Amino acid sequence: MTYQRPTKVYYDGDHSVTTARQAVLVIIGVMLGTAFSPGMSGDLLHWGASLIIMLLATAVMMAISVGFSRRVAGYSADTALYAGVPGGVSAVTLMAMNSRADLRIVGMTHAVRILILLLAIPPILQSVGHVSLQSGTQDLAQWLWLPSLGETGYCASRC
């Protein structure tokens, strides 16, 4: 059995996914916006160097990732490009759908990248002294706010 992916992305008129994504982006935007204060404007001059360094580091890491994917893993140019580009999994996968990229490889590469970041960043931040990973005291009330599997399934079926 061979894998066949659609050549074009078609929507059947159900915009619930798009609406939910936009709502989440609005919430994230509000959260980011409330993190800024008027006192931070004095630091704008110092941000330029950081932004340039981040832009260059991102370009270098993308070039290394695409090169590794092409030469070592043997991926096609489209697959290597979309697997190596930084960004949201959903946005990159949608862009890759309109190319000859292998969507399975692109999705798995991004999932592994996210997993590695989630596992690697906390110990790195603790080692440089930015965060403490010591477990705090947890009581039953902290766990009760988490939705159960039944509630999650119900909400997922309604969206």
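See the structure shown above.
For the structure given in this document, a descriptive report is provided here. Counting restarts for each chain, with residues numbered from 1 along the sequence as it is written. Reporting in this predicted model follows two pLDDT cut-offs: at least 70 for local features of residues, and 80 or more for side-chain atom pairs to be given and counted; totals over whole chains, interfaces and linings ignore these cut-offs and use all residues. Computation of side-chain values: all heavy atoms of the structure, hydrogens and water removed.

Our focus in this paragraph is the packing of helix H3 (residues 77–84) against helix H5 (residues 103–127). For helices, the axis comes from a line fit to the C-alpha atoms of the stretch in contact; other axes are also lines fit to C-alpha atoms, and the angle between any two N-to-C directions lies between 0 and 180 degrees. Comment: elements are numbered from the N terminus, with helices defined as DSSP H or I runs of at least four residues and strands as E runs of at least two. Between H3 and H5, whose axes approach to 8 Å, the crossing angle comes to 25 degrees. If you check the angle between H3 and H5, you find them roughly parallel. Crossing of H3 over H5 shows right-handed handedness. Residues Thr79, Tyr82 and Ala83 of H3 form the contact with H5, whose participating residues are Ile105, Val106, Thr109 and His110. The nonpolar class holds Ala, Val, Leu, Ile, Met, Phe, Trp, Tyr, Cys and Pro. Asp, Glu, Lys and Arg form the charged class, and all remaining residues, Gly among them, are polar. Taken together, the residues of the contact of H3 with H5 break down into four nonpolar, three polar and no charged. To sort the angles, those under 35 degrees are grouped as roughly parallel, those over 145 as roughly antiparallel, those from 65 to 115 as roughly perpendicular, and the leftovers as oblique. Note: crossing handedness is left-handed where the near helix turns anticlockwise from the far helix by less than a right angle, and right-handed where it turns clockwise. We call two residues in contact when some of their heavy atoms are within 4.5 Å.

Time to look at the side chain of Thr79. Looking at the secondary structure, you find Thr79 in helix H3. Relative accessible area decides the class of each residue, using a 1.4 Å probe on protein chains only: under 20% of the type maximum gives buried, over 50% gives exposed, and in between gives partly exposed. The buried category is assigned to Thr79, whose relative accessible area is 3%. Residues adjacent in sequence count toward polar contacts only when both atoms are side-chain atoms; beyond that, a polar contact is any pair of N or O atoms within 3.5 Å, and within protein one must be able to donate a hydrogen and the other to accept it. One polar contact links the side chain of Thr79 to the main-chain amide nitrogen of Asp102, over a distance of 2.9 Å. Discounting chain neighbours no more than four positions away, the residues touching Thr79 are Arg100, Ala101, Asp102, Ile105 and Val106.

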